[in-house]
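# Fold and geometry: a report
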Amino acid sequence: MAKIIQTLGIASCLGGPMRTCGYAAEMLREAYNLKPVLHNGLQLQWHILYPEKEGSKEARLAHLYQRASEFTRLWVESGRTFLVIGGDHSCAMGTWAGVMQGLPASSELGLIWLDAHMDAHTFATTPSGNIHGMPVAALLGKGDERLNAVYPADRFIHPEKFLLAGVRSYEPAENALLKTANVKVIFAEQVTDFAKTLQAAVMQLSETCGVIGISLDLDFIDPEDAPGVETPVAGGIRADALLAALTAIKRHPKLCGLEISEFNPESDQQGKTLRLMRTIVETFYADT
């Protein structure tokens, strides 16, 4: 019997500078339609959300992420493991806000953020104006009024229950925000064995958190292995190291879901990154 994974596609690139990362969910769903049951008997149950066509960018994102949060809230309430396939990484505001809303008041979310960037700007500090550079600030409750209007919840992640790993490109303002909040940041050059790093993070968070999630920006991976991303940065974690790490932690009972974002098909090379996304999903969710 196939193992069914509830899968939410957030088909939006409104938070970033390009138009193509919003196609990730549809491209993956099409790949799965060609081969419906994944390796080891996995099957994805798809639900895809699209942004409204009218209104300001921020209003459209606020509505989209409110809808996204309703899915993850219900899945957490019912104890179902889930997968989210973004668009741009601002989708995390919907994904993890919903998880927190689905938890009892006495329980907290631990989130492991795998990214080449810090994503901790606000509208007051952003050099680009792109909201995909702001979700960490929003999730930590450090957003300004304009950013908070996009965020769909009134629960936030405690900084000591948030870990950011793989960073190798950032601006001083977002680094200052994370330092002030006392968020743990592991830079890419500090990682010698990513499986041990991820295992230690999951073990530490499991002591105080009801559930643990992983939010993966594909630019966390070295561009040699994942060229099809929005903002590639050299010196990332290699794909085999990530897959080994996911294998090492995937059976932990507190893991509630995985989010994957920032796939850019225009910069992919012969489907390399698309295939890797599928391998990541199979590795994380397969029972063996």
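For clarity, every value in this text was computed on a predicted model and none was experimentally measured. (Residues numbered from 1 in each chain as written. Predicted model: local features only at pLDDT ≥ 70, side-chain atom pairs only at ≥ 80, totals over all residues. Heavy atoms only, no water.)

## Description of the overall build of the chain
We count it as follows: Secondary structure follows DSSP: runs of H or I at least 4 residues long count as helices, runs of E at least 2 residues long count as strands, and numbering of each begins at the N terminus. In this description the radius of gyration comes from C-alpha coordinates, and the expected globular size is given by 2.2 Å times residues to the power 0.38. Each residue is placed in one exposure class: buried if its accessible area under a 1.4 Å probe, protein chains only, is under 20% of its type's maximum, exposed if it is over 50%, and partly exposed if it falls in between. Throughout, a residue-residue contact means that at least one pair of heavy atoms, one from each residue, lies within 4.5 Å. Note on areas: Shrake-Rupley with a 1.4 Å probe; residue coverage comes only from the protein chains shown. In summary, the charge assignment counts Lys and Arg as positive and Asp and Glu as negative, without counting His or the chain termini. Every charge is mapped onto a representative atom, which is NZ of Lys, CZ of Arg, CG of Asp or CD of Glu.
Secondary structure summary: the chain contains nine helices and eight strands in total. Computed over the C-alpha atoms, the radius of gyration of the chain is 17 Å, within 12% of the 19 Å expected from 2.2 N^0.38 for a compact globule of 288 residues. Relative to its full complement of 288 residues, the chain shows a buried share of 60%. When contacts within the chain are restricted to residue pairs at least 6 apart in sequence, those whose partners lie at least 24 apart make up 75%. Total accessible area on the chain is roughly 11900 Å²; 50% of this is exposed by carbon and sulfur atoms. Of the charged side chains in the chain, 25 are positive and 33 negative, and the gap between their average positions amounts to 5 Å.

## Focus on the environment of glutamate 259
Note the cut-off: Polar contact criterion, stated in full: a pair of N or O atoms within 3.5 Å, where within protein one must be able to donate a hydrogen and the other to accept it, and residues adjacent in sequence count only if both atoms are side-chain atoms.
Tracing the backbone shows glutamate 259 in strand β8 (residues 255–261). Owing to a relative accessible area of 0%, glutamate 259 belongs among the buried residues under this scheme. Considered as a pair, glutamate 259 and leucine 83 are 176 residues apart in the sequence and their alpha carbons are 5.9 Å apart. Those residues in contact with glutamate 259 that lie beyond four places of it in its chain are Val84, His89, Cys91, Ala92, Thr95, Trp96, Ile214, Ser215 and Leu216. In terms of polar contacts, glutamate 259 uses its side chain to reach the side chain of threonine 95, at 2.7 Å.

## A word on the nonpolar core
Put simply, the rule is: Within this scheme, the nonpolar core is defined by two criteria: the residues are buried Ala, Val, Leu, Ile, Met, Phe, Trp, Tyr or Cys, and they are joined through side-chain atoms within 4.5 Å.
Core analysis: the biggest nonpolar cluster contains 52 residues, and Ile112, Ile260 and Ile280 have the highest contact counts within it. Sorting elements by how many residues they give to this core places helix α9 (residues 272–285) first, with seven residues. Filtering out sequence-adjacent residues up to four positions away, isoleucine 112 remains in contact with Leu163, Leu198, Ala201, Val202, Leu205, Ile212, Gly213, Ile214 and Ser215. Among the nonpolar cores identified, the runner-up in size contains 49 residues, and Cys91, Val99, Leu103 and Val185 belong to it.

## Section: the packing of aromatic side chains
Rules: Centre distance within 6.5 Å is the pairing criterion for rings of Phe, Tyr and Trp, where only the six-membered ring of Trp is used; planes under 30 degrees apart are then read as stacked, over 60 as edge-to-face, and the remainder as tilted. A ring is scored as having a charge over it whenever the NZ atom of a lysine or the CZ atom of an arginine sits within 6 Å of its centre and within 35 degrees of its normal.
Evaluation of the coordinates by the stated rule reveals eight aromatic pairs. The interplanar angle of 85° and the centroid separation of 4.8 Å between the aromatic rings of phenylalanine 284 and tyrosine 285 together place this pair among those described as edge-to-face. Pair check on accessibility: phenylalanine 284 and tyrosine 285 agree, each one buried. Taken together, Phe71, Trp75, Phe82 and Trp96 form an aromatic cluster joined through their ring pairs. Lying over the aromatic face of phenylalanine 123, arginine 146 brings its terminal NZ or CZ to 4.0 Å of the ring centre.

## Structural notes on helix α3 (residues 92–102)
Owing to its 3.6 residues per turn, the α-helix aligns residues three or four sequence positions apart on the same side. Burial of α3 is extensive: 10 of the 11 residues sit out of reach of the surface. Taken residue by residue, α3 has Ala92, Met93, Gly94, Thr95, Trp96, Ala97, Gly98, Val99, Met100 and Gly102 as its buried positions.

## Quick look at unusual backbone geometry
For asparagine 182, which is not a glycine, the phi torsion comes out positive at approximately 65°. Looking at the element boundaries, asparagine 182 is found in the loop between α6 (172–181) and β6 (184–187). A positive phi is found at glutamate 262, a non-glycine position, where the angle reads about 70°. Mapping glutamate 262 onto the fold places it in the loop between β8 and α9.

## Description of helix α8 (residues 239–249)
To keep it simple, the criterion reads: The reported arc concerns the directions from the helix axis to the C-beta atoms and nothing else.
Buried within α8 are the following residues: Ala239, Leu242, Leu243, Ala245, Leu246 and Ile249. The arc enclosing the buried residues of α8, seen along the axis, measures out at 160°, which places them on a common side. Buried residues along α8 sit against β4 (109–114), α7 (194–206), β7 (211–217), β8 and α9.

## Here's the deal with the side chain of glutamate 174
We count it as follows: Note on definitions: salt bridges are taken to be side-chain nitrogens of Lys or Arg within 4 Å of carboxyl oxygens of Asp or Glu.
Along the chain, the position of glutamate 174 falls in helix α6. Here glutamate 174 sits buried without a salt bridge, and the closest side chain of opposite charge, arginine 168, lies 13 Å off (N-O distance). Dropping the residues within four chain positions of it, glutamate 174 is found in contact with Met118, Asp119, Ala120, His121 and Gly133.

## A short note on the side chain of histidine 89
Its place among the elements puts histidine 89 in the loop between β3 (82–85) and α3. Judged by its relative accessible area of 0%, histidine 89 is buried. Of the polar contacts made by the side chain of histidine 89, one reaches the side chain of serine 215; its length is 2.7 Å. Not counting residues within four places of it along the chain, the set of residues in contact with histidine 89 comprises Trp113, Asp115, Asp119, His132, Pro135, Ser215, Leu216, Asp217, Glu259, Ser261 and Glu262.

## With respect to the packing of α7 against α8
Quick note on the threshold: For helices, the fitted line uses only the C-alpha atoms of the stretch in contact; every axis is such a line through C-alpha atoms, and the angle between N-to-C directions lies from 0 to 180 degrees. Less than a right angle of anticlockwise turn of the near helix away from the far helix marks a crossing as left-handed, whereas a clockwise turn marks it as right-handed. Under the scheme applied here, ten amino acids are nonpolar (Ala, Val, Leu, Ile, Met, Phe, Trp, Tyr, Cys and Pro), four are charged (Asp, Glu, Lys and Arg), and all others, including Gly, are polar.
As a packed pair, α7 and α8 sit with axes 8 Å apart at the nearest point and diverge in direction by 35°. Classified by chirality, the crossing of α8 by α7 is right-handed. When α7 is examined against α8, the residues Phe194, Ala195, Leu198, Gln199 and Val202 are found in contact with a partner set consisting of Ala241, Leu242, Ala244, Ala245, Leu246, Ala248 and Ile249. Across the contact of α7 with α8, the residue classes break down as 11 nonpolar, one polar and no charged.

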